[in-house]
Every structure is written in structure tokens, then in C-alpha cells.
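Topology and contacts: notes
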Amino acid sequence: MEPEVVEAELVLPTHMRFKKVQMYEKYPKGQARVRWKHLKQIIQAENYQNYPPDEPNYVNIESPPSMHPSKRICDITGFKAPYLDPRTKLRYANAEVFRMIRSLPNEYVQRYLALRNAAVVLR
Amino acid sequence: MPFISKIQRQSDYSAFPSRHPIVIDNGGSYFRIGWAGESDPRVIFRNIIQRPRHKITGETITVVGDHNPALLKYFDCTRTGPRSAFDNNVVYQFEIMEYILDFGFDRLGADQSQIDHPVLITECACNPVQSRSKMAELLFESYGVPSVAFGVDAAFSYKYNQQLGICNNDGLAICSGFNTTHVIPFVNGEPVYEACKRTNVGGYHVTDYLKQLLSLKYPHHISKLTWEKVEDLKMEHCYIATDYESEVQLFQKGDEEADEKIRCWQLPWTPSLSEETTPSEEEIARKAALKEKQGQRLREMAEAKRFNRINDLENEIRDSENLLQRLRHAEEDDIPSILAKTRYTSKLEVESAIAKATQSLRKSKGEPVESVEKTDPSATEKYNLINVPDEALTPEQLKQKRKQLFIKSTSEARQQKKQKQLEEELERERQKKLEEEKRQENPEQYLDELRAKHRDLSEKVDQRKRLKTNGGHTNGNHNSSGGVGRGERLNSSQRERMRLLTTAAFDRGKGEDTFGMKDEDWQLYKLMSRDNDDDDDDDHPDLDEAELARVTSRLREIDPTFIFKAESGSSTAEAPHFRPLTKEDFQIILGVERFRCPEILFHPSLIGIEQLGLDEMAGKSIQGLLDKGRVSEERITNSILLTGGSCLFPGLSERLEAGIRMIRPSGTPIRIIKASNPIFDAWRGAAAYAAAMQFPQQTFSKMDYYEKGEDWLKGYQLRLDK
């Protein structure tokens, strides 16, 4: 290791005096790493639907969808968007923006759509 | 507050007695660790790790938090990015969590055989018990912590501000963090989680949205738009519009007011040398001379090559003629022996070789090649059989006749074509003359007309090209869009064809079928056939393009100011390649983005998250509390505390007040307060809490944990008001 790296103590030591079980003992090399459950799996395993509904839990404190009509803004400029391009499905504000979105390559169109989670995902 | 990290190792760890609690605020963006009762955390770092490989030794190392990025040059960071232990706001990756805790305790100065201090650590509201028990287990088993307590960061923050007298006993904590936003009501100083609401939008989403928007707007500067830089931009320039619509209209109109609100980030840029001065006369002359010189050299080379070739050919002919001479004089028997030394096998071959060589010699000398047709014998002699009736001919002659007929017709056609070309040439010449006259008459007007024509034509050609390419490459994505997309892809003649086909298809059985009565009816099939529209599709642009080329060359001749905009389509998209880069190309402009990005806190649907915005959450939470009838409305709305990093946006409290006023009954007193320090208050509240006398009763030990089990841990809740 380079001296300046050592001096900055950039690298986390593998052995810590204050630990009862060291990292290398818990996760030895060559052994398959633990597959950590993602939040989705944690929620599933927790079986929240069996919990009493009046008690607060991680799932039922989540807020519901909004009651207000959703705001439609131009995907490119952020202006108010009265129009929707039927080909690309992008929302746009005026003719100028329309000309621009028609010249956009498909990849960019998809990225703009992905911003509001509306992109076509092929699995 | 851009990325402050405090990671110096503390030296006074042993000065604290073993019962003195350690307080950890385990936030989505920052990890803060320090001692109970102190006013500030000792160590702060970003709650991420990186595990790059050393470039030389190849060993994988762990880097926690932020370090001097210059030092990372020794490591290969391309394969792994920074990773967090969080999924949403829940800790799930306890291996990463352990590295982070290691680093935190190490920098706090821990040097004994275990962490012999109670630990108070924050978690999200209603943390799933799986995550909570894993965390407790980790602290007990790996670090030997004697006892642990869990608390909610927003609650500590509210408590701290309550103690400072900023907010009341009853109220609402609105905590907008890194991954999520919580609204937690308080009654008598205790959080009421039954009426708590969470929306999965936070500072992370704002930064990500800004980063994506900017990198779509400035694809050339994508390397400059790092996460850290965009986060800085967000903290420095983003604000919340009091009313999104009216604010956006300012920008749409392009008012002066909007101009003042636009921020511009100038990237480092050095003017390129070629751009600095338009090339001087001298320069141009020098370049022209250079070009001329190169051309001269090429011409010389070509000349030399030609000369060589002529020499070679002449030699070859001479040799062959010598050979022929010798063959003529030689005896019949000697011929094979003479030929054996050469590459020919017969006399005939030698002759034909001579003929060939002479012809190519003529060609390279630039003399006209004798065309075969000119040497044709007279037509009557050649086509002697044509006029003879078939009956008088033998089969052999009949064959010959057919051949002659064919040859005659083709040669005639050729002649006609030549004639036509000649005529066209003459016509063109005449037109040119006409134009020249026109020019002589009124040069100004003529030039204007020509320019207008050029403009029209180039637009037309462009449009056609665009139509063609558009039809081609957007095929992929609108199969789903059904009829609309299809209609757009067809050009006019194709559309006409489709119309004919469909009417033909649906016309059956309606009244009397008179189709075919008139001869014109059958023309329909001609129109319908596919070849038809292909033909005239290709025809027109050719004409247009030829005309454009002609006008362009003419303009080039007579108009010194005329600049032809690149051969290839001359579309605007390609323009930047041809013009030198300027200062403006290296600017990142923040206009609407300044308030568009934080707007997602109020309208999460803008980024596709269908949940309540801040104002509605508050309304919903208050409603939930009122339904339980535990407190009056005024007491709650009178003390709404804003805390968490994403509450730092200017304009947030005004907007929130307006939003809540719309939802709640009129006349409700609304008081919105900012926390004394939205970022540190959670840790400070926790530190104050851990220093209190009653804190030990709120903790649980390893023994408790294993005796009482998970069910108990699920119900575990820290009591703030002891």
C-alpha cells in the first residue's frame, strides 16, 4: 500500500481490537456471502396482513395515493403540459418542445419516461 | 452544507466511564456518533462504503464514508460504486452496517476488548422487527455492547426542540429525510404512531431527479455531473415555489424576473486556438500554397506513373512485334520451340496481345479509342437478312436473322439515347445563357431569387429525408400505439394506397356491383400495386436533389457570401460539430429545475410515486389524530415542526402553510416552525435523552433480548416522556 494511503487511514483495518467476533471470522473468504433480504422480502416475511390493523406498522403507516388530480408537467421543460405525444407518450408544453421530442432518439425518450416511472421495461 | 465529514480519531475514549452511553444517529445519508450529554456528535461521515480493488496488489479493501478522492487513484473503483446498508429507510445489509459501525467505533477511539457502553441508536418509525433484531444481535454479539435502546430520529428532534421551547407538547413533526418523509403527531410529548404517515420520497429523490434532468439536458457534460456535485447544486440553488404554476409561467414567458432566477454554472473551459482569430489573409494564402504544392506533387506522381506505363506498353508491343517477325520467318517446326520461351502458345495469341496493348497505349496517351461501331460495315451489308421473308430462309439463317434484328434494335436505341443527351446538353446550355442574361440585367434580384430557391429546395429535400429516416428508425417503440403510429409512418402516396385498399375491401355487396363496366376501373389496380408508389417516391426527391445541386453550384460560382451548410443534410443537430465550442457550451443552466426538483416533495407523482405530498400527509395525519379524539385541532396545527435535511429548501414553510390551510377548515391557526438545526437535532435530542437519569430503564440487555424474544422486541417502544 502506498504511504500516503496508509497515512490517511483510508483503508478500514480488518482486525478491530474492540470486536468480539471479527469480520474475517464471520465472513471467511471463499464462503458464500449471506444473501440479505431486501425490504420487499422482509415485509413479506413479516406477514403484516395478520397484524391488528389499528396498531401502527411499517406497511400501514405508508401514505395512500393522492386525492388531488395528478399534476401534468412537460417532461422536458417542466412547464404546464396540455398535450401528449401519442408516439413517444411524452407530455409536452408547446410546438417548440414537440419538435424537439420528435428529434429525440428513442433512448432519450425512454430515459425521460423513466423519470416518472412510465418507461416501457422489457423483461 | 456540502458534505462535511468529521473523521479524525478521538483520543479521549478511555476518559468515559463504562456506563456512559454512546449515541448513534444512523441516518440515510449521514452516520453520526458521539457521547451522551454532549452538544455535537464526535464523528460524522456519509453512511456508505466502497469496496474497490488495489490496482497493483489486487486486494479488496473497504473504504467507509468520504475520503480524499485523490487517494482513490490507487484503487480500481470502476466495478463497484458506493453502497449503502439501507433499502428505503430500513437497514437490511448488515455486512455493510458492520463495516460502518467498525469505522464509527474506531474513529470514536475505542481500544478496549469490547464496547463497554450502552448504545442508543436511531431507526425509522415502525422499523420491521427483523431489521431491529438483526441490529440488536450485531451490537450484542460482535461488539459486546451491554445494553441497547432504539429510538426514532424525528421523535428525538421534536423532543429536543420542545425542550428548547420552540414547539409545544402537542404538535406535528414533519421530518423529510434522505429516503423517506415522515409526519408524526405528538400528544403530551409522546409520538402517536397510529396517526403517523410515511411517503417514500426524500432528498435522495430530489438529487437523483436533478441529476437525471441535467444529464439529459447536457449529455456532453455527464462526467461533470457527479452525485456529490449535483447534491451541492441542489443544496445551493433549489427552492420551493409558492405556487408551481405561476412560477413556471414566469419562466415560460421569459420575463426579466425569470432571468434573474436562472442560475448558471460555468464549467472550466479554455478557448480553443483555432477559434480565437479568424484565419488571417496570410494564413489562408499559406494554406492555399500548401494545398497547391501537394496537388502539384500528386499530379507529378500521376504523370510519372503514366509515363512509365506508356514505356512499358511500348516495350511490350516492340517485343511482341519482334516475336511475330521471327515467327513469320521461322519454319513451321521451330514455332513451338520459340513460343516455349515466351508466355504465348500460338501466333494468334501474340497478335491479339499486340492489338490489346496498342489500344491501352492509345488510352494512356489520351487518344480517342476507336469505337467498334464506327468501323461497322455498312448497315445493309450487316443486316442483310432482315428484309428477307422467313419462308425463304433456312433454320440456320433464321437464327442469324433474329440475332441481327436484336443487334439492330439495340444499336438504334443507343443512337437515340446519344441524340437525346445531345439535345439535353443543348437545352441546358440555352437555359444557362438565359439565366446569364437575366443576371446581367439585374444581378441583385437574380441573386435573391436564386437564394430563395436554394432555401426552399434544401428545406424540401431535408424534410423528405427526415420523413424517410423517421419512418425507419422509430419502428421499435410504437407497435403498442396501434393505428396512430402506423398512420404517421406512411407517406402520402402510401396512405393513398392504403385508402384504396380499404375502400376496395369494404365495398363488397353494397348495391349493384358495377366494377369493370368502364375501362378506367381497372386503373385502380395499377394504383394499388406496390411498385407504383415506390416509383414516384423515388422519382421526385431525385429531381429535387439534382435541382438543389445545380442551384448550389451556381450560387457558389456567383455569390461570394454564400456558404454551403455541409453536404450531409445540413440539419441543426449536426451544427455543433462544425462550429467551434464557445463559453456557452460549457454552461449548465438551472432554470425551472431549481423548483421543479424539490416539487416532488409535494407531488411525488411527478417521479411516478403514487403517494401523498407533504401538505396532504400533514392533513391526513391530523385527521387521523382527530378521529381518535385525543386532542383538539388548534393544539396540533399550532406547532408544526420541520426537521430533516430536505426541510432546508427555502420557501418550504410558506408552501406548506398554504397547503395545509387549503385542507383544514378555515380559521385554523397554523404555525410552522423550523427546527433549530434540522440536520443535527435528531442526534442532539438523542444525546440529551441518553444523558438523562431514566435512560437505563429504557434500554435492554442481551439477557433480556434472548429471554423475551422477538415478540417482545416487536412491541418495544422507547418512552420519551419518562
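Throughout, a residue's number is its position along its own chain's written sequence, starting from 1. Ligands are numbered from 1 and chains lettered from A, in the order in which they are written. In keeping with the predicted nature of the model, local features appear solely for residues at pLDDT of at least 70, side-chain atom pairs appear and are counted solely at 80 or more, and the whole-chain, interface and lining totals rest on all residues. Calculated side-chain values reflect all of the structure's heavy atoms, with hydrogen atoms and water omitted.

Identification of chain B as Actin-related protein 5 from Forsythia ovata is taken from an unreviewed UniProt entry. The record in UniProt for chain B states the following under Subcellular location (unreviewed entry): "Nucleus". UniProt positions are given in the numbering used here, feature names are shortened, and annotations may be inferred rather than shown by experiment.

An unreviewed UniProt entry lists chain A under the name YL1 nuclear, with Forsythia ovata given as the organism. Under the Subcellular location (unreviewed entry) heading, UniProt states for chain A: "Nucleus".

Points about the interface of chain A and chain B
In this description, contact between two residues means that some pair of their heavy atoms is separated by no more than 4.5 Å. Chain A puts 64 residues into the contact, and the matching count from chain B is 93 residues. Simply put, the buried area is the total loss of 1.4 Å probe accessible area from both parts when two parts are fitted together. Summed over both sides, the interface between chain A and chain B buries roughly 7000 Å², with carbon and sulfur atoms accounting for 57% of that surface. Looking at the side of chain A facing chain B, the largest losses of area belong to Phe18(A), Lys71(A) and Arg87(A), adding up to 12% of the total buried there. The working definition used for a salt bridge is a side-chain nitrogen of Lys or Arg within 4 Å of a carboxyl oxygen of Asp or Glu. Summed over the shared surface of chain A and chain B, the result is six salt bridges. The partner of Arg198(B) in a salt bridge is Glu62(A), with the nearest N and O atoms 2.8 Å apart.

Here's the deal with the pattern of salt bridges
All names here are of chain B. On inspection of all chains with the given rule, the structure shows 38 salt bridges over all chains. Measuring nitrogen to oxygen at the nearest pair gives 3.9 Å for the salt bridge that ties Asp-681 to Arg-684. You can see Asp-681 and its partner Arg-684 sitting in helix α24 (residues 681-691), three residues apart, about one turn around the helix. The burial state of Asp-681 is the same as that of Arg-684; both residues are buried. Put simply, DSSP marks the helices as runs of H or I at least four residues long and the strands as runs of E at least two long, and each gets a number from the N terminus on. For each residue, the accessible area found with a 1.4 Å probe, counting protein chains only, is set against the maximum for its type, and the residue is called buried under 20%, exposed over 50%, and partly exposed in between.

Here's the deal with the packing of helix α9 (residues 281-329) of chain B against helix α11 (residues 347-365) of chain B
All names here are of chain B. Axes here refer to lines fitted to C-alpha atoms; in helices the fit is confined to the stretch in contact. Angles between the N-to-C directions go from 0 to 180 degrees. Axis separation between α9 and α11 bottoms out at 9 Å; the angle between their running directions is 155 degrees. When the axis of α9 is compared with that of α11, the two are roughly antiparallel. Handedness of the crossing formed by α9 with α11: left-handed. Here Arg-306, Arg-309, Ile-310, Leu-313, Glu-314, Ile-317, Ser-320, Glu-321, Leu-323, Leu-324, Leu-327 and Arg-328 of α9 come into contact with α11, specifically with Lys-347, Val-350, Glu-351, Ile-354, Ala-357, Thr-358, Ser-360, Leu-361, Ser-364 and Lys-365. Grouping the constituent residues of the contact of α9 with α11 by class yields 10 nonpolar, four polar and eight charged. Roughly parallel here means an angle under 35 degrees, roughly antiparallel means over 145, roughly perpendicular means 65 to 115, and every remaining angle is called oblique. Left-handed is the label given to a crossing in which the near helix is rotated counterclockwise from the far helix by less than a right angle, and right-handed is the label when the rotation is clockwise. Residues are grouped as follows: Ala, Val, Leu, Ile, Met, Phe, Trp, Tyr, Cys and Pro are nonpolar; Asp, Glu, Lys and Arg are charged; all remaining types, including Gly, are polar.

Some words on the sheet that holds strand β1 (residues 22-26) of chain B
Residues and elements named next belong to chain B. Here the rule is simple: two strands pair whenever DSSP picks up at least two bridges between them. The strand order across the open sheet formed by six strands is β3-β2-β1-β10-β11-β20, and the pairing between neighbours is mixed. The open sheet has two free edges, formed respectively by β3 (43-46) and β20 (700-701), since each of these has just one partner strand. Alignment of strand β10 (residues 119-123) against strand β11 (residues 147-152), held across five bridges, turns out to be parallel. From the neighbouring strand, Ile-121 faces β11, where its bridge partner is Phe-150. On top of the sheet, helix α2 (residues 129-143) reaches β1, β10, β11 and β20; it is set at about 145 degrees to β11, its chief contact.

Topic: a nonpolar patch on the surface
Residues and elements named next belong to chain B. Taken together, the side chains of Phe-515, Trp-522 and Tyr-525 make up a nonpolar region of the molecular surface, amounting to roughly 330 Å² of accessible area. Note that Tyr-525 resides in helix α17 (residues 523-528). When its relative accessible area of 44% is taken as the criterion, Tyr-525 is described as partly exposed. Residues enter patches when their relative accessible area tops 30% and they take part in no salt bridge; the joining distance is 9 Å for like charges and 5 Å for the nonpolar side chains Val, Leu, Ile, Met, Phe, Trp and Tyr. Only the protein chains shown count as cover for residues, and all accessible areas are computed by the Shrake-Rupley method using a 1.4 Å probe.

What to know about helix α5 (residues 106-115) of chain A
Residues Tyr108(A), Val109(A), Gln110(A), Tyr112(A), Leu113(A) and Leu115(A) constitute the buried set of α5(A). Considering only its buried residues, α5(A) is in contact with α4 (203-217) of chain B. Looking one or two residues beyond α5(A), the residue adopting positive phi is Asn117(A), at roughly 60 degrees.

Re unusual backbone geometry
All names here are of chain B. Phi angles above zero are rare outside glycine, and Cys-126 is one such case at about 55 degrees. Inspection of the secondary structure assignment puts Cys-126 in the loop between β10 and α2. Exposure remark for Cys-126: the relative accessible area of 15% places this residue in the buried category. Phi is positive for Asn-188, close to 55 degrees, though the residue is something other than glycine. If you trace the backbone, Asn-188 turns up in the loop between β13 (181-187) and β14 (190-191).

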